[in-house]
Amino acid sequence: MNQRSDESHRDRSDLRALLVRAAEHAAAFHASLPGRPVRPQADLDTLRKAFGGPLPSDPTPPDEVLAALVAAAEPGLMGSPGPRFFGFVVGGTLPAAMAADMLAVGWDQNAFNAALAPAGIAAEEAAGAWLKELLTLPASASVGFVTGAQAANTVGLVTARHHVLAQAGWDVERRGLGGAPEIRVVVGEERHATIDRSVRLIGIGTDAVTTVRTDRNGAIDVADLERVLASGGGRPSIVCLQAGNVNTGACDDLRAAIRLTHRHGGWVHVDGAFGLWAAASPAKRHLVAGIELADSWACDAHKWLNVPYDSAFAITSRPDAHAAAMSYSAPYLTGAGATVGGADYTAESSRRSRGFAVWAALRELGRDGVAGLVERCCALAERFADGMRAAGFEVVNDVVLNQVLVGFGDDTRTDEIVAAVQRDGTCWLGATSWRGRRLMRISVSNHLTTEADVDRSVAAITRIARSVL
Ligand SMILES: *Cc1c(COP(=O)(O)O)cnc(C)c1O
């Protein structure tokens, strides 16, 4: 063997050892999750020092880089993929989805289009079809594989903007918004904050946003929506509804609100980042009845489906409007380079092949497994609520889905209790403000969580809350 092929042979066996070692670190981290404190061990300043220092001038062998990364990062890892993480609304990751995503990185396929990544695009198409079936959305809908519900809300609203302005005789892709008919965006009082950012990103200022009242659990008041739509003065309107309020889990009365909006000629976008998954459960589907009537939907895979970050869907009922709003063309995209691509439905051009992990998650769980995951998390949220009530604390929301809000009376004390629970490390959750009060917010979204995890967490929270109060 000459020296060159000798080296390339060594490089290959080194790469194999390197990837095996990386996978072993990931597996060891996951194995440690049930037993370790959920919070990170090191604080941010320690981690900054561990990662910091001058830019090295000389190369470092890859195995040394990996060892240094693990040494720097491990003390700072949050146990968020573990069974007792109830903060924000984040899921863990299913084994097949995690492994598939590692392959997506290793295969390094650019899912821009099918000329570049035929397997990546085929996986997205298959996963997208399964997803529409599971969520009871129209089979003809277009599915863009995006980074998160923030991106999905933006893509949904860009498509909405295209459609309502086209109906008013205005080509927004060519002419922009200067001089365009004024669009009115209607949102619920308790929409997710990403809706406001998406509204800003599509060039519509917050002055054009009209807010609809919500009930005590955060679902929109359909009578107030009717009043708002009736006062629209014929302006093109986009109505943003919600499936799954980020504090309470509340879902809007979709059927009534969508019918009403359509009667007024408006476009309905549903932010269902996690709540849309209720449609996959026979026991919870009633919460999102009428979901299939909407015009666009945002849904996360990296939350309740338990797929690794970053993964979500921007779905629309009008593939032509979706592509007209989002796609671009270039001379190199003609002839052999020309195919319909995943990138036509997203704001990204080059993209990781996210479809592999989604396909793997849906294949691992199957229809019954997804329903089971949703129903188990909801049952565990109820168990959490029962446990907190039994300990003498107030559950503030109607626990309709996987979210629980707990009140401890006093705002400052609530923040103290939440901070002490985070330090304790048995579980991890956060605080929120809801209807003028500071509350503890619990989200059950992980496939690993068991009744024993909930009971242990309730016991820890109770012990800590009593000592603070
Ligand atoms: C989490 C969430 C979002 C934002 O999703 P990302 O995946 O973080 O971009 C939007 N809307 C709702 C209702 C959410 O729960």
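Per-chain numbering applies: the sequence of each chain, read as written, is numbered from 1 onward. Owing to the predicted nature of the model, reporting of local features is limited to residues with pLDDT of at least 70; listing and counting of side-chain atom pairs is limited to 80 or more, with chain, interface and lining totals taken over all residues. To obtain the side-chain values, all non-hydrogen atoms of the structure were included, while hydrogens and water were left out.

Naming follows an unreviewed UniProt entry, where the protein appears as Pyridoxal-dependent decarboxylase of Micromonospora globbae. UniProt positions are given in the numbering used here, feature names are shortened, and annotations may be inferred rather than shown by experiment. The record held by UniProt for the protein lists under Sequence similarities (unreviewed entry) the comment "Belongs to the group II decarboxylase family." In its Cofactor (unreviewed entry) section, UniProt records this for the protein: "pyridoxal 5'-phosphate".

(A) Layout of the sheet that holds strand β2 (residues 184-188). Strand order in the open sheet formed by seven strands is β1-β7-β6-β5-β4-β2-β3, and the pairing between neighbours is mixed. The open sheet has two free edges, formed respectively by β1 (142-146) and β3 (209-212), since each of these has just one partner strand. Direction aside, neighbouring strands of the sheet carry axes that sit 20° apart on average. Relative to strand β7 (residues 312-316), strand β6 (residues 296-300) runs antiparallel, the two sharing five bridges. Residue pairing in the sheet places Asp300 in a bridge with Ala312 of β7. The contact criterion used throughout is that any non-hydrogen atoms of two residues lie within 4.5 Å. Simply put, an axis is a line fit to the C-alpha atoms, just over the touching stretch for a helix, and the angle between two N-to-C directions goes from 0 to 180 degrees. Secondary structure elements are defined from DSSP: runs of H or I of at least 4 residues count as helices, runs of E of at least 2 residues count as strands, and each element is numbered from the N terminus. The sheet contacts of helix α8 (residues 193-201) involve β2, β3, β4 (237-242) and β5 (267-271), and relative to β5 the element is tilted by about 135°. The strands touched by helix α9 (residues 222-230) are β2, β3 and β4; relative to β3, the strand with the most contacts, the crossing angle is about 150°. Any two strands between which DSSP finds at least two bridges are classified as paired.

(B) Expanded view of the site of the ligand. We call a residue near a molecule or strand as soon as one heavy atom of that residue lies within 4 Å of the molecule or strand. Contacts to the ligand come from 14 residues, most closely from Gln150, Asp271, Asp300, His302 and Lys303. Between N or O atoms, a polar contact is any pair within 3.5 Å; within protein, one atom must be a potential hydrogen donor and the other a potential acceptor, and residues adjacent in sequence are included only when both atoms are from side chains. A distance of 2.8 Å separates an oxygen atom of the ligand from a polar atom in the side chain of Asp300. The contact in question runs from an oxygen atom of the ligand to an N or O atom on the side chain of Lys303, over 2.8 Å. A total of 380 Å² of accessible area belongs to the ligand in isolation, and the protein chains cover 84% of it. Note on residue classes: Ala, Val, Leu, Ile, Met, Phe, Trp, Tyr, Cys and Pro are nonpolar, Asp, Glu, Lys and Arg are charged, and everything else, Gly too, is polar. Classifying every residue of the shell around the ligand by side-chain character gives four nonpolar, seven polar and three charged. We get accessible surface area from the Shrake-Rupley algorithm with a probe of 1.4 Å; when it comes to residues, only the shown protein chains can shield them.

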